[in-house]
Protein chains: 2
Amino acid sequence: MTQSAWDPYERDCPSRQMLDRIGDRWTVLVVGTLAARSLRFTELSRRIDGISQKMLTQTLRSLERDGLVTRTVHAEVPPRVEYELTASGRSLQQPLQALEQWAVDHMDAVVQARRRYDAR
Amino acid sequence: MTQSAWDPYERDCPSRQMLDRIGDRWTVLVVGTLAARSLRFTELSRRIDGISQKMLTQTLRSLERDGLVTRTVHAEVPPRVEYELTASGRSLQQPLQALEQWAVDHMDAVVQARRRYDAR
DNA sequence: CTGTATCCGCCTTGATACTG
DNA sequence: CAGTATCAAGGCGGATACAG
């Protein structure tokens, strides 16, 4: 059974919650980093400048819970844990990539607009 | 002069700040609401369920500062203020629309994934 | 290596009251 | 109508310490 009336403009709609979650500091960057290939915990933290261990763990757990990322523990010493996007996660990566690209493309204009605005 | 090395994965990169800003609770919804046509303050607040006056004002100011929205005051009584997307704002609307659509399309799957995860 | 647990400051957000 | 000002609460996120 499919729901046809998801409306992010309504307060308690799950799709609104999803937007809220995407909007946390780190989700975009974690999903973007996993886009190319699966990575280990430490590799992720090295590539995402400024993320703390706690936030990386928390973000990964949320993504796992939402079915966007799989977590695979390999029985080795020392432990090796691989994170990988699911099909669902890869489908999210598309719009996020577009957003990331927009940010890169428009930063010059935005920075200038801010300067003008602040100069008044 | 154009900057070619914007990298959102670096801590202090402006494009990273942009992602942070997009990621606030309301930006996606405000831009989405303004996509169709320009709107007044009250119309916006009516359409975005749950937004407070303060947050709407704050979000609009930020968007104006970043050059994504114009604010036009008409000299009437009572005052009429129209908010409208700039060209830059409309270009952002595209990726945000994609994101919004993703949220709507995948909510069923996400809700189910959460149920499975929580049931363990 | 891959986490968990705890403490804590700050910032965001919301509620409320007031203004041109 | 379209805001501004103020205050209080809560959560986010960072730092640190510890563990399997």
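One can find the structure itself at the top, above this paragraph.
Residues numbered from 1 in each chain as written. Chains lettered and ligands numbered in written order. Predicted model: local features only at pLDDT ≥ 70, side-chain atom pairs only at ≥ 80, totals over all residues. Heavy atoms only, no water.

S.K.: I'm lost on the overall build of chain A in this one. Help?
M.R.: A tally of helices and strands in chain A yields five helices and three strands. Element order for chain A, N to C, with α for helix and β for strand: α-α-β-α-α-β-β-α. Taking 120 residues into account, the globule formula puts the C-alpha radius of gyration at 14 Å, and chain A, at 17 Å, lies well above it. If one aligns the C-alpha atoms of chain A with their principal axes, the spans along those axes are about 60 × 40 × 25 Å. Per-residue burial for chain A yields a buried fraction of 44% across its 120 residues. When the accessible surface of chain A is summed, it comes to about 6,500 Å², and 48% of that surface belongs to carbon and sulfur atoms. In chain A, the 18 positive side-chain charges and the 16 negative ones have mean positions that sit 4 Å from each other. (Helix = DSSP H or I, 4+ residues; strand = E, 2+ residues; numbered from the N terminus. Rg over C-alpha atoms; globule rule 2.2 N^0.38 Å. Buried < 20%, exposed > 50% of the residue type's maximum accessible area, 1.4 Å probe, protein only. Areas by Shrake-Rupley, 256 points an atom, 1.4 Å probe, with all protein chains shown as cover. Lys, Arg positive; Asp, Glu negative; His and termini not counted. Charge placed at Lys NZ, Arg CZ, Asp CG, Glu CD.)

S.K.: What is the right way to read the relation of the copies chain B and chain A from this model?
M.R.: Each of the two chain copies can be brought onto the other by rotation about an axis and movement along it. With an RMSD of 0.0 Å, the operation that places chain B on chain A is a rotation of 180° combined with a shift of 0.0 Å along the axis. Such a combination of rotation and displacement between the chain copies is what one expects of a two-fold axis. Minimal C-alpha distance to the rotation axis in chain B is attained by Gly 23 of chain B, lying at 1.9 Å. An overlap of 100% is found between the interface residues of chain B and their copies at the interface of chain A, pointing to a shared contact surface. (Least-squares fit on C-alpha atoms with pLDDT ≥ 70 in both. Contact = heavy atoms within 4.5 Å.)

S.K.: Which parts of the structure should I look at to understand the pattern of salt bridges?
M.R.: Two side chains that carry opposite charge are able to pair once their charged atoms sit near each other. Inspection of every chain in the model, using the stated rule, returns 18 salt bridges over all chains. Asp 49 of chain B is the partner of Arg 11 of chain A in a salt bridge, and the nearest nitrogen-oxygen pair spans 3.8 Å. Residue Arg 11 of chain A is found in the segment before helix H1 (14–22), and its partner Asp 49 of chain B is found in the loop between helix H3 (41–47) and helix H4 (53–65); the two belong to separate chains. The salt bridge partner of Arg 80 of chain B is Glu 76 of chain B, with a shortest N-O separation of 2.9 Å. For Arg 80 of chain B, a relative accessible area of 21% gives the class partly exposed. Using a relative accessible area of 38% as the deciding quantity, one classes Glu 76 of chain B as partly exposed. Linked through salt bridges whose partners overlap, the residues forming this network are Arg 21, Asp 24 and Asp 66 of chain A together with Arg 114 of chain B. (Salt bridge = Lys/Arg side-chain N within 4 Å of Asp/Glu carboxyl O.)

S.K.: Quick question: what am I supposed to make of the protein's contact with DNA strand D here?
M.R.: Taken together, the neighbourhood of DNA strand D is formed by 20 residues, with Lys 54 of chain A together with Thr 42, Gln 53, Arg 71 and Tyr 83 of chain B sitting nearest. The sugar and phosphate moieties of DNA strand D supply 59% of its atoms located within 4 Å of the protein. With respect to DNA strand D, the side chain of Lys 54 of chain A contributes an N or O atom lying 2.2 Å from a base oxygen. Where the surface near DNA strand D is concerned, the elements lending two or more residues are helix H4 (53–65) of chain A together with H3, H4 and strand E3 (80–85) of chain B. (Near = heavy atom within 4 Å. Polar contact = N/O pair within 3.5 Å; in protein donor to acceptor, adjacent residues only side chain to side chain.)

S.K.: Just checking my understanding: could you explain the sheet that holds E3 of chain B for this structure?
M.R.: Paired through their backbone hydrogen bonds, the strands of a sheet run either parallel or antiparallel. Residues and elements named next belong to chain B. Taking strand neighbours across the sheet as the criterion, the three strands line up as E1-E3-E2 in an open arrangement whose pairing is antiparallel. Taken across any chain shown, the strands that pair with only one partner, and hence form the sheet edges, are strand E1 (39–40) and strand E2 (69–74). In this sheet, E3 lies alongside E1 in antiparallel orientation, the contact comprising two bridges. Counted as the bridge partner of Arg 40 is Glu 82 from E3. Running at roughly 100° to E3, helix H2 (residues 27–34) makes contact with E1, E2 and E3 of the sheet. (Pairing = 2+ DSSP bridges. Axes fitted to C-alpha atoms, helices over the stretch in contact; angles between N-to-C directions.)

S.K.: Would you mind going over H4 of chain A with me for this structure?
M.R.: An α-helix turns once per 3.6 residues; consequently, residues spaced three or four apart project the same way. Its 13 residues give H4 of chain A an end-to-end C-alpha distance of 18 Å, which sits within 8% of 18 Å, the value for a rise of 1.5 Å per residue. Regarding H4 of chain A, the residues found buried are Leu 56, Thr 59, Leu 60, Leu 63 and Glu 64 of chain A. Down the axis of H4 of chain A, the buried side of the element spans an arc of 135°, and every buried residue falls inside it. Those residues of H4 of chain A hidden inside the fold are in contact with H1, helix H2 (27–34), helix H3 (41–47), strand E2 (69–74) and strand E3 (80–85) of chain A together with helix H5 (87–118) of chain B. (Expected span 1.5 Å × (residues − 1). Arc of directions from axis to C-beta.)

S.K.: Looking at this structure, I do not really get the interface of chain B and chain A. What am I missing?
M.R.: How big an interface is tends to be reported as the loss of accessible area on association of its parts. On the chain A side, the residues contacting the 54 residues of chain B number 54 residues. Roughly 4,900 Å² of surface becomes buried between chain B and chain A when both sides are summed, with 60% attributable to carbon and sulfur atoms. When residues of chain B are sorted by the area they lose upon contact with chain A, Tyr 9, Arg 65 and Trp 102 of chain B head the list and together hold 16% of the total. Between chain B and chain A we count eight salt bridges in total. For the pair chain B and chain A, the interface holds 19 residue pairs in polar contact (both at pLDDT 80 or more). Of all elements in the fold, only helix H1 (14–22), H2, H4 and H5 of chain B reach the threshold of two or more residues within the side of chain B that touches chain A. Counting residues per element, the side of chain B that touches chain A draws most heavily on H5 of chain B, which supplies 20 residues. Partitioning the side of chain B that touches chain A into residue classes produces 25 nonpolar, twelve polar and 17 charged. (Buried area = accessible area lost by both parts, 1.4 Å probe. Nonpolar A, V, L, I, M, F, W, Y, C, P; charged D, E, K, R; others polar.)

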